[in-house]
Structure formats: C-alpha cells, structure tokens
Amino acid sequence: RAAALAAFKAEMDGIRVHDDEKTLELRSRDYFWYSPILNEQLEDCRGELVVIPTSQEEVFRVASAAARHRLPVTIRGGGTGNYGQCVPLDGGVILDMTRLDKVIEITPGHVRVEAGARISRLDDAVHETGQELLMYPSTRTLATIGGFIAGGSGGIGSFRNGMLRDNDNVTYARIVTVEPEPQIIELHGEAINKIQHAYGTNGILVEVGLGLTPATEWVHVAALFDGYDAALDFATGVQDQGLDLYLLTCVERRFSAYYRKLKDHFPADRDAVFAMVAPADLSRFRAEVENGGGTVTFALTKEEIHQQGLQPAYELGWNHTTLQALKIDKGWTYLQVAYPHPFDPALVLRQMQRHGDELFWHHEMAREQGRVQIFALPLVRYRGKDEMYALIRELEADGCTIFDPHVYTIEDGGMKTIDDTQIAFKKQADPYGLMNPGKTRGWTPEMALAE
Ligand code: FAD
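Here the structure is a predicted model, which means the values were calculated and not measured.

Conventions used here
- Residues numbered from 1 in each chain as written.
- Predicted model: local features only at pLDDT ≥ 70, side-chain atom pairs only at ≥ 80, totals over all residues.
- Helix = DSSP H or I, 4+ residues; strand = E, 2+ residues; numbered from the N terminus.
- Expected span 1.5 Å × (residues − 1).
- Buried ≥ 20, exposed ≤ 12 C-beta atoms within 10 Å, placed from the backbone.
- Contact = placed C-beta atoms within 7 Å.
- Domains from an automatic or database assignment.
- Pairing = 2+ DSSP bridges.
- Near = placed C-beta within 6 Å.
- Nonpolar A, V, L, I, M, F, W, Y, C, P; charged D, E, K, R; others polar.
- pLDDT = per-residue confidence, 0-100.
- Axes fitted to C-alpha atoms, helices over the stretch in contact; angles between N-to-C directions.

Engineer: Honestly, helix α4 (residues 56–68) in this entry has me stumped. Any pointers?
Structural biologist: Because the α-helix completes a turn every 3.6 residues, residues three or four places apart line up on one side. Taking 1.5 Å of rise per residue, 13 residues should cover 18 Å, and α4 covers 18 Å from first to last C-alpha, within 8% of that figure. Val59, Val62, Ala63, Ala65, Ala66 and Ala67 are the residues of α4 that are buried. Tucked into the core, α4 has its buried residues touching α1 (2–10), β2 (49–52), β3 (73–76), β4 (93–96), β8 (170–176) and β10 (204–214). Among the residues trailing α4, Arg70 stands out with phi positive, at a value near 50°.

Engineer: Before we go on, may I ask you to explain the domain arrangement of the protein in this structure?
Structural biologist: Where the parts come together, the accessible area they lose is often given as the size of the interface. The domains assigned to the protein are domain 1 (103–215) and domain 2 (219–402). Of note, the centres of domain 1 and domain 2, computed from C-alpha atoms alone, are 26 Å apart.

Engineer: Even after reading the chapter, I still don't get the pairing of β10, so can you show me in this structure?
Structural biologist: Each regular strand carries side chains that alternate between the two faces of the sheet. Burial runs high along β10: eight of the eleven residues are buried. Where strand β6 (residues 110–114) lies against β10, five bridges are found, and the strand directions are antiparallel. Paired with His110 across the bridge in β10 is Gly211. Note: strand β7 (residues 131–133) against β10, three bridges, orientation antiparallel. Bridge pairing links Gln131 to Pro214 in β10.

Engineer: What am I meant to see in the site of the ligand here?
Structural biologist: Around the ligand sit 38 residues, and of these Gly77, Gly147, Gly151, Gly152 and Gly155 come closest. For the shell around the ligand, the secondary-structure elements that each account for two or more residues are β3, α6 (145–151), β10 and α11 (320–328). Tallied by class, the residues present in the shell around the ligand amount to 14 nonpolar, 22 polar and two charged. Counting residues domain by domain, the shell around the ligand receives three or more from each of domain 1 (103–215) and domain 2 (219–402).

Engineer: Can you walk me through the environment of Thr139 in this structure?
Structural biologist: The residue Thr139 is located in the loop between β7 and α6 in this model. Thr139 sits 59 residues away from Thr80 along the chain, and the two C-alpha atoms are 7.0 Å apart. When near neighbours in sequence (up to four residues on either side) are disregarded, Thr139 contacts Gly78 and Thr80.

Engineer: Explanation requested: the pairing of strand β5 (residues 103–107) in the structure shown.
Structural biologist: With zero of its five residues buried, β5 lies for the most part at the surface. By the bridge criterion, four bridges tie β5 to β6 in an arrangement that is antiparallel. Pairing of Glu105 across the sheet is with Arg112, part of β6.

Engineer: How should the sheet that holds strand β15 (residues 332–334) be read in this particular structure?
Structural biologist: As a general point, the strands of a sheet are linked pairwise by backbone hydrogen bonds and lie either parallel or antiparallel. Ordered by their spatial adjacency, three strands build an open sheet running β15-β20-β17, and the pairing between neighbours is antiparallel. Each edge of the open sheet carries a strand with a single partner, namely β15 and β17 (359–360). Bridge analysis of β17 against strand β20 (residues 379–381) gives two bridges, and the strand direction is antiparallel. When the sheet's bridge partners are listed, Leu359 is paired in β20 with Val380.

Engineer: Is there a simple way to think about the confidence of the model for the protein in this case?
Structural biologist: Close inspection of predicted coordinates is inappropriate for parts of the model with low pLDDT. Considering every residue of the protein, the mean pLDDT works out to 96; 100% of them sit at 70 or more. Here the predicted complex scores 0.96 on pTM and 0.99 on ipTM.

Engineer: Looking at this structure, how should I read the environment of Arg68?
Structural biologist: For Arg68, the location among the structural elements is in helix α4. The class of Arg68 is partly exposed, set by 16 C-beta atoms lying within 10 Å. Placed 364 residues apart in sequence, Arg68 and Tyr432 show a C-alpha to C-alpha distance of 9.8 Å.

Engineer: Mind showing me how you'd approach the sheet that holds strand β21 (residues 401–402) here?
Structural biologist: Strand order in the open sheet made by the eight strands is β14-β11-β13-β12-β18-β19-β16-β21, with antiparallel pairing throughout. Two strands bound the open sheet, and with one partner strand each, they are β14 (295–300) and β21. Where strand β16 (residues 337–338) meets strand β19 (residues 371–376), two bridges bridge the pair, whose relative direction is antiparallel. Looking across to β19, one finds that Ala338 is bridged to Phe375. Packed on one face of the sheet, helix α9 (residues 282–291) meets β11 (219–225), β13 (271–277) and β14 and runs near 160° to β14.

Structure below.
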C-alpha cells in the first residue's frame with residue numbers, strides 16, 4: 001500500500017495533496033457521530049491521502065492513477081452525511097470534490113453545475129436569475145450538490161417539489177469512471193437513478209443538471225397549537241387547501257428547550273408548526289392556523305429572521321432538529337420513520353404515549369411521486385444497540401418503515417435491497433471495485449475485473 005500511495009502521490013503534480021494526520025482525521029469523518037453505534041465502528045477509520053482536484057481534467061488524472069495503483073477511493077463533498085457515507089473503511093485516497101465547483105450554465109428552469117459546488121452558493125447564483133432550487137438539505141451551507149445526489153434523498157422543498165428521485169428534479173449526470181483510462185458516461189432522465197444515493201460507489205459525479213423553479217420570497221412562519229394532536233391535524237388538513245408551501249414541519253413542545261434562539265416564539269407549553277409559505281398565500285395560511293385553534297408567532301422574510309436573531313424555518317425541521325438537541329444533550333440519537341398510507345395521526349399519539357420521555361417527536365411533510373408522505377425523525381434516548389433494534393421492531397409493527405441511520409451500507413439503511421441496476425453500473429464505472437469499498441453489500445471482491 002505504501003509504495004502504491006507514494007507512486008500515486010508522485011503523479012499528482014500540480015494537484016493539491018495532503019497527508020498530515022490532522023487533515024486525514026478531519027476529512028475521514030462525517031456526521032456519523034449522531035449514532036453511538038456508528039461512532040464506535042467508524043471513529044478510527046482513516047484515509048491515507050487527501051487529493052483536491054480543481055478541474056474535470058484533474059479528476060481524470062486522479063481516477064486513472066487510483067485505478068492503476070489499485071487504491072481505494074472515497075469521494076467527499078461537504079462531509080455532512082449521517083451514515084459514514086464518506087468515511088473510508090479501507091484507507092486509500094480521499095477525493096475531495098469541493099474545488100470542482102463551477103456553475104456552468106443557468107437557463108430558464110435549469111442549471112448545469114460541477115458536482116463539488118456548495119448548495120448555498122449554487123442557490124445564490126440561481127437566485128440572481130430570479131430562480132431557485134427545487135429542494136436542499138438544511139446543511140446547504142456545507143453540503144455539495146454531488147454529495148446531496150449521491151448521499152441524500154430530499155429535504156426542504158420536498159413538500160412542494162418531491163424527492164430527488166422524482167421526475168426531472170435531477171436531469172443530467174456526468175460521470176468519470178475509475179479505470180486506467182477513465183471514461184465519461186452521461187446519464188439522463190431515469191438512468192440517473194443508477195448513481196443516485198449510491199454513496200459514491202459507482203463513478204465520480206463531476207457535473208449535474210437540475211430543474212429550477214421561479215424564485216419565491218418564502219415567508220418563514222411559526223404557528224403554535226395547544227397540543228401535538230392539534231398541530232398534526234392542522235398540518236395534515238392544510239395540505240388540502242392548495243396553499244403554496246415549501247416546507248411544512250410539526251415539532252412537539254419538548255423541543256423548545258433546544259430551540260433557545262426562538263425564545264417566546266416557541267414556549268415549552270405549546271406545540272409548533274414551522275412552514276415556509278408563499279407571500280400570496282400568507283393570509284389564507286394564517287386563517288387556517290386560526291381555524292385550527294393556533295396562533296402565528298412570527299411570519300418573517302429570511303432577512304428579517306436574521307435581523308431578529310431567530311432561525312430560518314429550514315433549520316427547524318428535518319435533521320437539523322437532531323443537531324439542535326445534540327448540541328445541548330449528548331444522550332440523544334435518532335431514527336428515520338416513514339408512515340404508512342393513509343396517515344393516521346392517532347398512531348402518532350399512541351407512539352408518543354407508549355414511548356414517553358424516551359422519544360421526542362417531529363414530523364416532516366414531503367411529496368413522493370406526487371403524493372404526500374409523512375416522515376418522523378424522532379429523537380431517541382440511547383440505551384444500547386439491542387434496545388435500539390427492539391424499538392425499530394416496535395415501530396415496524398406499527399406499519400412504519402424505518403430508514404436505519406445506525407448502519408453504513410446502502411442496503412441496510414434506506415434501500416433495504418441490493419439495487420441490481422446500480423451494481424451493474426458499478427461493473428462499468430468501477431470495474432476494480434475501488435470506490436468506497438464496504439458500503440454496498442451488492443459488491444463482492446470476486447466481482448472485480450481480474451488483473
Ligand atoms: P458527503 O457527506 O460529502 O457525501 C455523501 C455521499 O456522497 C458519500 O458517500 C460520498 O462518497 C458521495 N459523494 C459526494 N460527492 C460525490 C460525487 N461528486 N460523486 C459521487 N459521489 C459523491 N440529507 C437529506 O437528504 N435531506 C436533509 O434534509 C438532510 N438534512 C440534514 C441535516 C443535518 C443537520 C445533517 C448533519 C445532515 C442532513 N442530511 C440531509 C444529510 C446530508 O447533509 C445531505 O445528504 C448532504 O446533501 C450531503 O452532501 P455532502 O456534500 O455533505 O455529501
């Protein structure tokens with residue numbers, strides 16, 4: 001390995017390379033520490049060399065050298081994944097994509113961008129043309145667009161525009177293969193699913209195309225209700241009112257201790273709904289809140305939110321909720337739960353009753369292939385691995401699907417089964433099995449191309 005690394009490094013002339021302990025440690029981690037189970041398994045994993053290309057031509061050189069020297073390659077975007085997606089299990093090269101970040105072309109309804117661009121920078125560029133992204137994770141400041149496509153699923157905006165996999169949200173992907181003579185493969189339409197959520201195991205995404213929508217000056221709204229049942233009833237009922245909402249999230253009152261910046265806007269004796277509402281629909285939204293027995297405590301533009309030292313609504317839901325809690329109480333971890341159709345709020349109330357102080361709840365409304373899908377990302381008091389899996393079985397017995405955030409393979413987490421199309425594509429894009437080894441159960445060493 002040492003000789004291969006030295007030979008690889010010697011070929012990186014003109015490309016930034018790091019192999020000092022501190023950099024290797026930092027770039028070998030992501031947010032897996034949300035899970036005590038993953039933390040134990042992954043905290044000591046280290047890459048052996050970080051390489052930071054700035055152009056697609058340099059990515060070619062990295063891919064070629066890694067293939068010829070048979071070195072594992074773990075791609076890294078912003079490093080904000082939660083499941084150790086960009087933690088190298090077998091050392092080797094960490095390919096940092098964050099300098100491959102050019103916004104190539106913005107046209108009405110579409111953007112082409114290099115995969116290492118940070119999402120917030122991309123969204124800023126798109127806003128300058130009066131448009132906005134269809135969705136983003138709450139980690140938008142650090143996360144890259146390539147990392148979102150290869151490691152994420154959806155997020156803020158998904159209530160309005162669906163998940164990443166839904167039609168035309170991602171329109172184009174340009175991939176570099178890891179071979180002595182790397183190839184470019186271009187994917188369009190449904191074929192993009194070959195690399196989506198594949199954890200960088202089957203090709204280096206260097207460029208992507210994304211759908212855009214005209215920009216809206218979203219109003220960030222907090223509404224309070226006297227009971228989580230009332231908050232849930234409102235959030236499920238308001239979906240049928242034809243209002244234009246980018247985000248819709250219910251957060252129960254026990255979270256107020258972790259949302260200190262919100263002060264009286266989220267007191268400990270009320271349950272909250274946070275939303276991003278189109279200005280034209282704000283008065284109707286307010287009226288619906290009042291009909292549901294609630295009160296709007298703020299309705300502000302993003303700029304006003306910052307001026308008042310509050311937090312934007314997109315940092316009050318999805319997995320940012322876990323982050324807020326963990327900053328104050330390290331005893332928490334979490335789960336990802338999808339509810340069966342049709343959604344029954346009574347099930348949530350039974351779960352809240354059953355799990356008492358062991359679980360705190362919030363619910364995220366999204367659309368998947370056009371229909372509303374409700375997710376929860378409850379905080380879970382960590383009692384040990386056996387207890388975690390007993391809890392998962394209980395929630396599954398309720399009819400819920402669990403996307404397990406305590407495992408690092410694609411299949412054990414969200415996907416459940418081996419995606420044969422992704423594995424077939426891996427044979428083409430990573431014939432030596434060098435990319436992010438250990439992250440897919442669909443690949444075994446015998447499948448690698450013979451020497
Ligand atoms: P990384 O963590 O760097 O990488 C993710 C995976 O993609 C890795 O397997 C990596 O190898 C691979 N990869 C990265 N770049 C490339 C590339 N160019 N080519 C091929 N493979 C590549 N996720 C959501 O989907 N929705 C959310 O709402 C959400 N909220 C979050 C909130 C918090 C507080 C945290 C900590 C995480 C959240 N996440 C969410 C998870 C994560 O932040 C996002 O999925 C994010 O978009 C990942 O981007 P990244 O650049 O940080 O990817």
